[in-house]
Amino acid sequence: TMSVAEYARDCAAQGLRGDYSVCRADFTVSQGYDYSDEEQAVWRTLCDRQTRLTRKLAHHSYLDGVEKLGLLDRIPDFDEVSAKLRKLTGWEIVAVPGLIPAAPFFDHLADRRFPVTNWLRTRQELDYIVEPDMFHDFFGHVPALSQPVFADFMQMYGEKAGDIIALGGDEMISRLYWYTAEYGLMQEAGQPLKAFGAGLMSSFTELQFAVEGKDAHHVPFDLETVMRTGYEIDKFQRAYFVLPSFDALRDAFQTADFAAIVARRKDQPALDPATL
Ligand code: HBI
Ligand code: FE
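Small disclaimer: the values here were computed from a predicted structure and weren't measured.

Draft legend 1. Focus on the overall build of the chain. Broken down by element type, the chain carries 13 helices and 6 strands. Since a compact globule built from 276 residues should have a radius of gyration of about 19 Å, the 18 Å found for the chain is in line with a globular shape. Each of the three principal axes of the chain carries a C-alpha extent, and together these read 50 × 45 × 35 Å. Expressed as a percentage of contacts within the chain between residues at least 6 apart in sequence, the contacts between residues at least 24 apart total 66%. By element, 50% of the accessible surface of the chain is carried by carbon and sulfur atoms, the whole surface being about 12,500 Å². Each charge class in the chain was averaged separately, 28 positive and 42 negative side chains, and the resulting centres sit 4 Å apart.

Right, here's the structure in full:
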């Protein structure tokens, strides 16, 4: 796997925004809490307008997490949030300069650490940014980590991802993450369908489309189907998988025979999400 120095050169060559030259061996950096007034204002704008949507469209377990972590009035101090999260589920968050390679990313998850980018998009990028920034990583992913069952799923995912990749299942394991942790929907007793994935939670336009759009395609969650379904990162999803509960996700993951699934499916073409 790649060293930090090699990765830092690649990222600089690709024009990624983070400063990888100061990474530790596990790709973490210190958060360096020295945000400008403009960055604090962008954070509040992002949180205010997105919270108007999440109050209506997010699963209650996400909103519970927001409530418990109390994270919306200023850019979060990662150490303070980690202290709260540790008490709730034993997770903590660590600062990274942006995307990191898959292997150290999974190692962090396996150790109940979630990597959060330490920089924020600008006011010109409120609606869309290609690279994950602090708003996506934090507002999107962190609240659900306060839920014990989801927290356990993410740890297991980190533990098993390496084995699945070793079997040749790297695309299949990425699809599972994409359609659950990023774009998953979930049922809630006595309520209309809700969102829980972080890609939805941090998107001003796709959150509403995914949950309420008349053209949004909702498909019941099935682990093997998810692992076979292709995705595109720069368009609205053409299918959203609906989970009955976090328990269903964890149980499916825990009982799956990944060696058999990968052997059966890895050489087949990806399913087209539009035709599920
Ligand atoms: N790095 N910072 C960061 N955030 C991610 O979500 C991320 C990553 N590196 C690898 C990675 N995701 C993918 O391998 C996912 O499929 C898990
Ligand atoms: Fe993400």
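Draft legend 2. Representation of the coordination of the iron ion (ligand 2). Protein ligation of the iron ion (ligand 2) involves His136 (NE2), His141 (NE2) and Glu182 (OE), the donor distances falling in the range 2.0 to 2.1 Å. Within one chain, the residues donating to the iron ion (ligand 2) are spaced in sequence as H-x4-H-x40-E. With a gap of 46 residues between them, His136 in helix H6 (residues 134-141) and Glu182 in helix H8 (residues 170-182) connect regions that are remote in the sequence.

Draft legend 3. Seen up close, the packing of helix H5 (residues 102-110) against helix H7 (residues 148-166). At a closest axis distance of 6 Å, the pairing of H5 and H7 adopts a crossing angle of 140°. Seen along the crossing, H5 lies across H7 with a hand that is left-handed. Between H5 and H7, the residues in contact are Phe106, Leu109 and Ala110 and Met154, Gln155, Tyr157, Gly158, Glu159, Ala161 and Ile165, respectively. Per-class residue counts for the contact of H5 with H7 are 7 nonpolar, 2 polar and 1 charged.

Draft legend 4. Structural detail: the packing of aromatic side chains. Under the criterion given, the structure shown has 27 aromatic pairs. Note on Tyr7 and Phe27: the rings are 5.3 Å apart at their centroids and 90° apart in plane angle, and the pair reads as edge-to-face. Of this pair, Tyr7 sits in helix H1 (residues 4-13) while Phe27 sits in the loop between H1 and helix H2 (37-57), placing them 20 residues apart in sequence. Both residues of the pair, Tyr7 and Phe27, belong to the buried class. Taken together, the aromatic side chains of Phe105, Phe106, Phe114, Phe150, Phe153, Tyr157, Tyr177, Phe196, Phe246, Phe253 and Phe258 make up a single cluster linked through ring pairs. Over the face of the ring belonging to Phe204 we find Arg49, whose NZ or CZ atom lies 4.0 Å from the ring centre.

Draft legend 5. Fine view of unusual backbone geometry. In this structure, Phe27 is a non-glycine residue whose phi angle is positive, near 70°. A positive phi angle is found at Arg112, which is not glycine, with a value near 60°. Judged by its relative accessible area of 17%, Arg112 is buried.

Draft legend 6. Just H5, in detail. Considered for burial, the residues of H5 that qualify are Pro104, Phe105, Phe106, His108, Leu109 and Ala110. Where H5 is buried, its residues touch strand E1 (92-96), strand E2 (113-117), H7 and H8. Just past H5, the residue Arg112 takes up positive phi, approximately 60°.

About the cut-offs
- Residues numbered from 1 in each chain as written.
- Chains lettered and ligands numbered in written order.
- Predicted model: local features only at pLDDT ≥ 70, side-chain atom pairs only at ≥ 80, totals over all residues.
- Heavy atoms only, no water.
- Helix = DSSP H or I, 4+ residues; strand = E, 2+ residues; numbered from the N terminus.
- Rg over C-alpha atoms; globule rule 2.2 N^0.38 Å.
- Contact = heavy atoms within 4.5 Å.
- Areas by Shrake-Rupley, 256 points an atom, 1.4 Å probe, with all protein chains shown as cover.
- Lys, Arg positive; Asp, Glu negative; His and termini not counted.
- Charge placed at Lys NZ, Arg CZ, Asp CG, Glu CD.
- Donors = N, O, S within 2.8 Å, 3.2 Å for Na, K, Ca; no water.
- Axes fitted to C-alpha atoms, helices over the stretch in contact; angles between N-to-C directions.
- Left-handed = near helix turned anticlockwise from the far one by under 90°.
- Nonpolar A, V, L, I, M, F, W, Y, C, P; charged D, E, K, R; others polar.
- Phe/Tyr/Trp six-rings, centres within 6.5 Å; stacked < 30°, edge-to-face > 60°.
- Buried < 20%, exposed > 50% of the residue type's maximum accessible area, 1.4 Å probe, protein only.
- Lys NZ or Arg CZ within 6 Å of the ring centre and 35° of its normal.

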